[in-house]
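Tertiary structure, described
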Protein chains: 4
Amino acid sequence: MFGSTYGNLFRITTWGESHGKGVGVVVDGCPAGLPLWEEDIQKFLDRRKPGQSQYATPRKEEDTVEILSGIFEGQTTGTPISMMVHNKDQHSKDYSEIASVFRPGHADFTYDQKYGFRDYRGGGRASGRETIGRVAAGAVAVKILEQLHVSIRTYTLSIGPVKCKKEAFDFSNIHKNPLYMPDMKAAELAGQYLSDCMKQKNSSGGIIECVVHNMPANAGDPSFEKLNANLGKAVLSIGAVKGFELGDGFRVGEATGLSNNDPYRYDENGKLIKVSNHSGGILGGISDGSDIILRAAVKPTPSIGASQQTVNKKGENVTINIKGRHDPVIVPRAVVVVESMVALTLVDMLMGSMTSRMDKLIQFFKTDK
Amino acid sequence: MFGSTYGNLFRITTWGESHGKGVGVVVDGCPAGLPLWEEDIQKFLDRRKPGQSQYATPRKEEDTVEILSGIFEGQTTGTPISMMVHNKDQHSKDYSEIASVFRPGHADFTYDQKYGFRDYRGGGRASGRETIGRVAAGAVAVKILEQLHVSIRTYTLSIGPVKCKKEAFDFSNIHKNPLYMPDMKAAELAGQYLSDCMKQKNSSGGIIECVVHNMPANAGDPSFEKLNANLGKAVLSIGAVKGFELGDGFRVGEATGLSNNDPYRYDENGKLIKVSNHSGGILGGISDGSDIILRAAVKPTPSIGASQQTVNKKGENVTINIKGRHDPVIVPRAVVVVESMVALTLVDMLMGSMTSRMDKLIQFFKTDK
Amino acid sequence: MFGSTYGNLFRITTWGESHGKGVGVVVDGCPAGLPLWEEDIQKFLDRRKPGQSQYATPRKEEDTVEILSGIFEGQTTGTPISMMVHNKDQHSKDYSEIASVFRPGHADFTYDQKYGFRDYRGGGRASGRETIGRVAAGAVAVKILEQLHVSIRTYTLSIGPVKCKKEAFDFSNIHKNPLYMPDMKAAELAGQYLSDCMKQKNSSGGIIECVVHNMPANAGDPSFEKLNANLGKAVLSIGAVKGFELGDGFRVGEATGLSNNDPYRYDENGKLIKVSNHSGGILGGISDGSDIILRAAVKPTPSIGASQQTVNKKGENVTINIKGRHDPVIVPRAVVVVESMVALTLVDMLMGSMTSRMDKLIQFFKTDK
Amino acid sequence: MFGSTYGNLFRITTWGESHGKGVGVVVDGCPAGLPLWEEDIQKFLDRRKPGQSQYATPRKEEDTVEILSGIFEGQTTGTPISMMVHNKDQHSKDYSEIASVFRPGHADFTYDQKYGFRDYRGGGRASGRETIGRVAAGAVAVKILEQLHVSIRTYTLSIGPVKCKKEAFDFSNIHKNPLYMPDMKAAELAGQYLSDCMKQKNSSGGIIECVVHNMPANAGDPSFEKLNANLGKAVLSIGAVKGFELGDGFRVGEATGLSNNDPYRYDENGKLIKVSNHSGGILGGISDGSDIILRAAVKPTPSIGASQQTVNKKGENVTINIKGRHDPVIVPRAVVVVESMVALTLVDMLMGSMTSRMDKLIQFFKTDK
C-alpha cells in the first residue's frame, strides 16, 4: 500500500523494474526557482553506477537521466519534476531457473505470496535499479539543502571485518577509493577481503555512516514524527538495510546516564554548545543544531555463485548456483542511496517545521503580501 | 507536523502532557464487532505503570483508563474509540529550576527552539506519559491480532552489561521478574547492577527484543513502505530508542552471503520452511511467514541525581542535580510500549495488504453482496 | 477509512456519538503561541446550540467545552489540543423502534451494511453532535486566521422558497435573527414558512453562503489539491450537504466566456484589481486575493413527524412517525459548521502554501537561525 | 502541496505540462493480475482527443500512450504502472503576449503569485493536457470496477441554455454525437448554439452528469471521508468545474423532508428497495447500493477570440484578443475526465471499505493462508 510514494510536503513517487522500459521518479513539491539541470542529477546517478571498479559488477549500465517536466529555462517551476532512465540491458536471457526457484535472501518467495506471481526478469521491482529514482530525487533534495547551507557526508564505515579507524579519517579520501572509505588503509584491506569473497563466490556485508552538518534546530516533531523515526524509516526502506542507529546507537544499551547525556556549555563567545554528541544531533525527536550522525547495516549481496539449498515451485528441494556476475558487496553503491534518502527526509521535515510558531507564521504572511 | 497521528488504515491520535488534565488517544479505523472492555486496555497500561518494583519510580500513578466512545454493548462499532487517563499527580511543585535550565539528554532545548517556549512541568509532552496513549491503542491492536492468530512476545534482552543468554531463555519467566527478562539469572544480576546505579545516582540503558509469531506472508510493500521500514519508524518514534534492527541486524555487516542467506526446504510434510531466520521474518519488505524478530536500543534515563554540567537561559554555565526519584532504567516499562507500536504497525499493514491481488478483491466483493 | 481525521499540516481528529460519554476533537499542528481560552471555543459552540429559537429543537444541551491539553499559561504550546464536551442528555429512552427500522433519509441502512450493526441511540455517530468537534476546532482555526487578517462571514442565503435579496443584504443583521439571515425581511418570511412546516410535521432545506475576505493570493495547488476542491470536500463532508459551488457555481453552465471571465484592471492607485468576481476568488485552484465565495445546499431535516413508508429488519413494510421534537430546518445551526470547515481548510492550505518558492524558503531559514 | 498525487490505497501521481517533453501518470496500488494493454488506455484517451468535431479545436494531437512499467505478460504485477504520452505539438510559437499579460479566467496571475514566474507556453501545467494522466489512470480504475461489476455512465446534460430532456434520454445516443448527449435533439440544438458562439469568438459552459450503477453498499466513511465528499473533491479538482451536486443537489434547498426522503420498501421478491433516489445513492456518506448520481458545472472556455480587458506586467491596462483556435466548449472533452475522477475515487474507497468489519477481516486472512 502507498508503496512507491515517499514524503509529505516534498514527495517523490518512483516506478520501474529491472527489465521494463525504464525506471523513473516524479518529484512533487519542489519549490519554484531552484536552478536544476540534468547534470545535477547525473552526478548523483554516476555514484551508484555499476562497473566502476573490480569490486562491482562489470555490467554496462549508462543510466543517463532525462528530465521530462517541471523545468523552465533552467529553473524548477514548482510543478512535478518527472525524470526517467531508460533500461538498456534488456536483452533476453534465460530466466527459467530464477522463474521457478526461490533464491535465498531474495524477495522471490514473498512477491509470489503477495501478488500471486512476479516479473522475475532481473529481480523486477526488487532489483537494485529501484534505487535509481531515489537517487535522482535525492540529487534535487541535496540541491535544496545546499541553498539552506545544510551539507551531508556519507561513506563506508566497514566492510566485513574491516573497519575504518576514526583516528585515520580523512574525508578527502572518500572519493579517492572505489569503496568510498575515509580511511585509505582500511580501503586497501577491505579490497583484499572482497577479492577473497569473490574467489569463494561469496559476498560481504558492511556498514554505512552519514553525517549531516548545519541542520537548523527545529526539524522533527515530538511524537510519532520524530526526525530520527523518519530517518530510520527512510534508511530502512532501502533494500538490504537491516539495522539503523542514531548517535551512539546500540552502544547506549551499555551506557549510563552520566556517560550518555551531552552536557551544555556556553563557549567563550557566548554560543551554546553541546560538549559531546552521543545523541547524534536529535533530542526529543527534534534536531538540536549539532551534527546528525546515523549508521545503516547493509547485508551481504544475496546473489552469490556458491551452492545454496532452496526449493522450486514443483515442490522439490534443489541446489542453486546463481549465474552471472554480481557485486560482491552492496555497500559502496548504497552510500549515495543512503545519502539520498536522508536528504529527501531532511527537506520534507524542514518544510514541515515551518508552521510550529505563530509569530513566524504572521511574519511569513506579512512579508508575503 | 502530522506529529500525533500514526497509521493509515488503522490510525491513532494521541494527546496530553504530564501535568495537563490527562492523556489520551483516539483509535480510528478499528473494525466493528471486536469485543472490547476497559479491562482489556487496563491490563496493558498496568504493564507500564510506575512504582511496581524497587527499580522503578515509587510515584503513585493509577492510570485508570476510561473509554469515552466507539463501543456499544461490549463491541466496537467501527467509529472512533476515544480513551482517556486522567492525570492525578498534578500537585504544584517547584519547577523553577527546570524552567530555566536545559536538562542534558532531555528535549528542553529543542522544544524551546521549535516552539519558542515549553510547558516545563514534568516534561510536558516529552514526558513518558506520552506513551500511555500508544499503549492503550496497542491493546486494541493486540486484540485484533489475536483474532487473526498473530501473537507478539516482547522482553528485556539486556540491561547495561547484563545480557540474557539464549540458552537460558524461558518465556514463562518474563512476567516473573520486574525487569521482564526471560532469563532469571540475568534478571537477578541486572537487579544488582541497577541497585549500584541508583546508589551512584546514575542510570542504565538496555535492549528490548520483540518476536512476532504467525504473521501472514504478505504484509508490507516492496518500496518505501517495507514492513521493516514501518516497524523501524514505529519503534524509533518511542522516546529514548536510539537504534533498531531486524533479524541479525548490525551483525550482517560482518556476515557473508553464505552465512546470511536463509535456505529454503520442504519439510517431510511438504511444507515450505526456512532452515534459518537471519532475515528476521521479512524479505523484500514483505513478511515471509516466519517469526519477525526485532530489537530496540534504549538509552539510559536522562534524569539522574548526579551532578551534570549545563546552562541556564540567563546565559550562565551551571551545575544541575535533578531532584525527585526517577526510574534508574527505562527498559522494563518500555517493553509494553515497543509491543504496542509493533502491534499498531502490524494491524495497519495487514489491512493495507488486502488489496494486492485482483482475484482476492473480486472474491471479497462477491461475498460482500 | 481515515474517517475521523481532517487536514494535513493543521489536522483535526473528532470522536464521539450522540449517547456515549461525550464528543470531542484533537487539534494537531496548531502553531505555538496562539492565545486560546475555553471562551474562544464556547462562543463558537453556542452558535450551533439547539433550543435557541422556536425553529430549533427545545432539547437542553449545555455543550460546555473543556480543554484537556495543549495550552500553557493561556497560549497554545504546539502540542495537540484535546477538547471535549460531555453528553448530558443520555437518559434512557425507548429506541426499540429506531433500532429495528431504517429511517428514510438517515444513515441507518448504510451503517448496518457497513458495520453489521449500529449504535442506534440518538443516531450514534451519524448524529448532528458529530459536528461539535468540527466547530470547536474551527474556532481555533478562525483565531489563527484572525491573526493573519483573514476573515470569514457565513449566513443563511435561503430557506425553502424564501431567498435573501442581495440588495437587502445587511451583514449586521446576521446575528439579529435566529436564522442567521442578512436580510431581515427574508428572515421573517422564512420564519413563517418554517412555522407552516412544523404544523405539517414536515421540514425544510436551504442554502448557506460563505465569504472569505483578505485571503493571501497563493493558497491551493494547481492539480488535485486545488483550494476549491478541498473547500468542496470540507463542506460536502458535513452531513446533509448535497451540493457545493464556488463563485457563479452552477450558473456557469449557461454563461459564456465573455460573461464569465473576470477582467483585470489597475486602479487609480496602480493596484491590480478584478473588475468582477465570477470565479469566486480562486483561479487554477489557487486563491487570487479577491473574496472567496461559496455556497452549500442543505437538505431538509430527515427526522419528521409525518407518516413515512419504510421497512423493518423482520422483512416487513411499515409506516413510521418519528417521535420527539426535531429542528424543522438544519440550515441555521449548520452555518457555523460550514464556517468551521472552511476555516480549517484555509489554515491547512495556507500552511501548505509556504513552501512554493525557493527564495521564501531561503529567507525563512535565514531568519530562523 | 501534495498537489499531484490523488488517492490513498489506489493512488495516482500525474506530471507534465503543455510544452514539455510529455505528460504522464504513475498508478500505484493497482492489484496484481488485472489484464491490461495499451489499447485499454488508448480507448479512454481518444474520448478526450481534440480535433474530433467542428466544436473542438482542430489541433492534431495524437496522444498515443506508452506503458513504461508495471505490466508483465499482459497483466498488472502490483507494482507502479507508469504511463506517458509524448507531447507532439511543441513547435515554437510566439508566446510573448501570453508571457506578459494575465489572461482573464486563466491561472496566469495566480501562478505568478504562487511561484514567482510560470511556464507560459500553452498554459504550462494549467493546460488541459494535465487531464491526460487522470484519464489514463481512470481507464485502469474502470477496468477494475468492471471486474467488480460496477459500471459508470457519463454524459453532457446541458450546453449553455440547451438541456437534455429526461424523457428523451437514450443512452445509446451518447457516443453517436460529438457532444456526448443522450438526447439527439438537444445535441443538434446545442451544436447550433456552439456555432453561434464560435461566430462571436465566444464560448459556452455546460453541465455533465454521471451515474454509477451497482456500487456495493458500504463504500465511504461516516465523517470527513464521506463518499460524496471525496467524489466532490475529485470532480472539483478538474479545471473549469465550479459546482458539484449529488442526487437532487441544490434543489434540496427548496425541498421538504417529505419530498426529499426516499422511502424503503421490500419488493415482491423480498428485496429491499428505495422507492425514489433523491439522495443520489449515498446516505450518511456511505453508498447505499442504488445508483450514485452526480453533476458537475463546467465554466465556458476562458480562451476566447473576442476582445477582453486585462493588464500586463508593465503596469498597463491593455486589451487582449486571444489568438489560435480554441474549443468553444470544454464540456464534451471533460466528460471522460469526470468519469475518470469518479472511477479513481470509487476504486480507492471500495478498497478502503474492506476493513470495516472484524468478521470479514477474519474471513479474509483465514482464506489467505
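Everything here concerns the structure above.
Since the structure is predicted, the reported quantities are computational estimates derived from the model, not experimental observations.

Moving on, we come to the pattern of salt bridges. Counted according to the given criterion, the structure contains 92 salt bridges over all chains. A salt bridge links C:Arg47 to C:Glu339; the nearest nitrogen and oxygen atoms lie 3.3 Å apart. Placement of C:Arg47 in helix α1 (residues 38-47) and of C:Glu339 in helix α8 (residues 331-352) is noted, with a sequence separation of 292 residues between them. Across the pair, exposure class does not vary: C:Arg47 and C:Glu339 are buried alike. In the salt-bridge network here, residues are joined through shared partners; they are A:Arg103, A:Asp108, A:Asp112, A:Arg118 and A:Lys313.

Attention now moves to the relation of the copies chain B and chain C. Overlay of chain B on chain C (RMSD 0.0 Å): rotation 180°, translation along the axis 0.0 Å. Those values place the two copies in the arrangement expected of a two-fold rotation axis. Ranked by how close their C-alpha atoms come to the rotation axis, the residues of chain B are headed by B:Thr13, at 3.7 Å. Interface residue correspondence from chain B to chain C reaches 100%, placing this contact among same-surface, isologous pairings.

Moving on, we come to the environment of D:Leu179. Residues and elements named next belong to chain D. Structurally, leucine 179 can be placed in the loop between β9 (162-163) and α5 (184-199). Judged by its relative accessible area of 2%, leucine 179 falls in the buried class. Residues leucine 179 and serine 82, spaced 97 residues apart in sequence, show a C-alpha to C-alpha distance of 31 Å.

Here we take up the side chain of C:Gln42. Residue and element names in this part refer to chain C. Assignment of secondary structure puts glutamine 42 in helix α1. Classification of glutamine 42 as buried rests on a relative accessible area of 17%. In terms of polar contacts, glutamine 42 uses its side chain to reach the backbone carbonyl oxygen of aspartate 63, at 2.9 Å. With residues near it in sequence (within four places) discarded, glutamine 42 still touches Glu62, Asp63, Thr64 and Val65.

Taken together, the 114 residues of chain B in the interface contact 114 residues of chain A. Summed over both partners, the interface of chain B with chain A buries about 9,000 Å², with 60% contributed by carbon and sulfur atoms. The tally of links from chain B across to chain A stands at four salt bridges. Where B:Glu254 meets A:Lys163, a salt bridge forms, and the shortest distance between an N and an O atom there is 3.0 Å. Put simply, chain B and chain A have 53 residue pairs in polar contact (both at pLDDT 80 or more) between them. Among the elements that take part in the side of chain B that touches chain A, helix α3 (residues 108-115) of chain B stands out by supplying seven residues, more than any other. Residue classes in the side of chain B that touches chain A are distributed as 46 nonpolar, 45 polar and 23 charged. Judged from the three bridges that link them, strand β11 (residues 241-246) of chain A and strand β11 (residues 241-246) of chain B form a sheet pairing that is antiparallel. Counterpart to A:Gly243 in the pairing with β11(B) is B:Glu245.

It is worth spelling out the relation of the copies chain B and chain A at this point. Superposing chain B onto chain A takes a rotation of 180° plus a shift of 0.0 Å along the axis, which leaves an RMSD of 0.0 Å. Same-surface contact between copies: 100% of interface residues of chain B are shared with the interface of chain A.

Inspection of the secondary structure puts C:Asn218 in the loop between β10 (206-213) and α6 (227-236). Judged by relative accessible area, which is 1%, C:Asn218 ranks as buried.

Listed as interface residues are 43 residues of chain B and, on the opposing side, 43 residues of chain C. Buried surface at the junction of chain B and chain C, both sides included, amounts to about 3,400 Å², of which 63% is carbon and sulfur. Taken together, the connections running from chain B to chain C amount to two salt bridges. Notably, a salt bridge pairs B:Glu66 with C:Lys21, separated by 3.1 Å at the nearest N-O pair.

Glancing now at helix α4 (residues 131-147) of chain B. Structural remark: α-helix, 3.6 residues per turn; residues separated by three or four positions point the same way. Compared with an ideal rise of 1.5 Å per residue, which puts 17 residues at 24 Å, α4(B) spans 25 Å between its outermost C-alpha atoms and is within 8% of the ideal. Counting buried residues along α4(B), 15 of its 17 residues qualify, which places the element largely inside the surrounding structure.

Reading the values: the criteria
Residues numbered from 1 in each chain as written. Chains lettered and ligands numbered in written order. Predicted model: local features only at pLDDT ≥ 70, side-chain atom pairs only at ≥ 80, totals over all residues. Heavy atoms only, no water. Salt bridge = Lys/Arg side-chain N within 4 Å of Asp/Glu carboxyl O. Helix = DSSP H or I, 4+ residues; strand = E, 2+ residues; numbered from the N terminus. Buried < 20%, exposed > 50% of the residue type's maximum accessible area, 1.4 Å probe, protein only. Least-squares fit on C-alpha atoms with pLDDT ≥ 70 in both. Contact = heavy atoms within 4.5 Å. Polar contact = N/O pair within 3.5 Å; in protein donor to acceptor, adjacent residues only side chain to side chain. Buried area = accessible area lost by both parts, 1.4 Å probe. Nonpolar A, V, L, I, M, F, W, Y, C, P; charged D, E, K, R; others polar. Pairing = 2+ DSSP bridges. Expected span 1.5 Å × (residues − 1).

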